[in-house]
Amino acid sequence: MIVAALLLGVIVGALLGLVGGGGSILAVPALVYGVGLPLEEAIPTSLIVVGAASAVAVLPRLRTGVNWRLAGIIGAAGIPTAYLGTLVNRLVDPQLLLGAFSVIMVIAGVRMFFATPAATGPCALPGGGTRWRSCLPRALATGAVVGFLTGLLGVGGGFLIVPALALVLGLPMGVTIGTSLVIIVINSVAGFSAHLSDVQIDWAVTGAFAGTAMLASLIAGRLSRRLPDRVLKTSFAILVLCIAVYVAIRAVAG
């Protein structure tokens, strides 16, 4: 289990550092199918791993790669709904959750294939800055939805935040990645705190997974700043669709 956690941690961290998401999607299936944890233990564990790796991955982007106000608004809007998602999680069959997980991933992945001009949309102004009048309602709605899914599915939300920031809110991909990572940290903390009453953690596995994920995310975060936006978006979309197919197969197979 420790060896599997170390290897999978590298993959999860690298994805978070490169595209600001994807590692969140992979963490739960990796812990369930790769490491062998039960779903009820994999969900809070994934939140620790993803939150820690995202906090490290955002370091190379602190100065110019984060819209801090937008990250704070979306993150705060998701805190109460993360608790709601956790409550629903305890009432729903795990296989049904994994099936829903795969459907949401397909939708997010397909959306990322659509081209979006840089710095356009309800939030991004052509010369920089934010159109708050049109951006704020969408940002609050995005935060609420992502927060709910964080609690429900045990993911930091990057697989939804990245498409939402790039396609719905119109941010350039470079800022999208850094902003997404900050929101993932906020959502991961909120989601994990909602599990505190019944949390079960294998700290040896969690430490191994989180340690390699943090190191890989820092390295990948520095590399991603050199890649074109379109390459990052296409890579993210392909990754999400591949994982969606895998999770769907496993959910149907039980």
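Every value quoted in this text rests on a predicted model; they were computed, and no experiment measured them.

K.L.:
Account for the overall build of the protein, naming residues and giving values.
P.N.:
Across its full length, the protein carries 10 helices and zero strands. Start at the N end of the protein and walk to the C end: the helices and strands fall as α-α-α-α-α-α-α-α-α-α. Against the globule reference of 18 Å for 254 residues, the protein gives a C-alpha radius of gyration of 17 Å, in line with a compact fold. Taking the principal axes of the C-alpha coordinates as reference, the protein spans close to 50 × 35 × 30 Å. Burial analysis of the protein (254 residues in total) assigns 54% to the buried set. Excluding contacts between residues fewer than 6 apart, the proportion of contacts in the protein whose partners are at least 24 apart in sequence is 83%. Accessible surface for the protein amounts to roughly 10300 Å². Of this, 72% is attributable to carbon and sulfur atoms. In the protein, which carries 14 positive and 6 negative side-chain charges, the distance between the mean positions of the two groups comes to 25 Å.

K.L.:
I'd love a proper account of the nonpolar core, names of residues and values included.
P.N.:
Among the nonpolar cores identified, the biggest contains 67 residues, and Val-35, Leu-70, Phe-101, Met-105, Phe-159, Leu-165 and Phe-209 are the most heavily contacted of them. Met-105 has contacts with Ile-25, Phe-159, Val-240, Ile-243, Ala-244 and Val-247, leaving out every residue within four places of it along the chain.

K.L.:
Describe the UniProt feature "transmembrane region" (unreviewed entry) in the protein, naming the residues involved and giving the relevant values.
P.N.:
When the UniProt feature table is mapped onto this chain, "transmembrane region" (unreviewed entry) is found at residues 43-59, 66-84, 135-161, 167-189, 201-223 and 235-253. Taken end to end, residues 201-223 is 91% helix and 0% strand, and its two terminal C-alpha atoms sit 32 Å from one another. With 100% helix and 0% strand, residues 235-253 has end C-alpha atoms that lie 28 Å from one another.

K.L.:
Tell me what's going on with the side chain of Thr-142, and back it up with residues and numbers.
P.N.:
Examined against the element boundaries, Thr-142 turns out to sit in helix H6 (residues 132-153). On the basis of relative accessible area, Thr-142 is assigned to the buried category, the value being 12%.

K.L.:
How would you sum up helix H3 (residues 39-57)? Please name residues and give values.
P.N.:
Between its first and last C-alpha, H3 extends 26 Å over 19 residues, near the 27 Å set by a 1.5 Å rise per residue. Across the 19 residues that make up H3, a large majority, 15, are buried.

K.L.:
Break down H6 for me, with residues and values.
P.N.:
With 22 residues, H6 extends 30 Å between its outermost C-alpha atoms, agreeing within 8% with the 32 Å of an ideal straight helix rising 1.5 Å per residue. For H6, the set of buried residues is Cys-135, Ala-139, Thr-142, Gly-143, Val-146, Gly-147, Leu-149, Thr-150, Gly-151, Leu-152 and Leu-153.

Calculation notes
- Residues numbered from 1 in each chain as written.
- Predicted model: local features only at pLDDT ≥ 70, side-chain atom pairs only at ≥ 80, totals over all residues.
- Heavy atoms only, no water.
- Helix = DSSP H or I, 4+ residues; strand = E, 2+ residues; numbered from the N terminus.
- Rg over C-alpha atoms; globule rule 2.2 N^0.38 Å.
- Buried < 20%, exposed > 50% of the residue type's maximum accessible area, 1.4 Å probe, protein only.
- Contact = heavy atoms within 4.5 Å.
- Areas by Shrake-Rupley, 256 points an atom, 1.4 Å probe, with all protein chains shown as cover.
- Lys, Arg positive; Asp, Glu negative; His and termini not counted.
- Charge placed at Lys NZ, Arg CZ, Asp CG, Glu CD.
- Core = buried A, V, L, I, M, F, W, Y, C linked by side-chain atoms within 4.5 Å.
- UniProt positions renumbered as here; feature names shortened; annotations may be inferred.
- Expected span 1.5 Å × (residues − 1).

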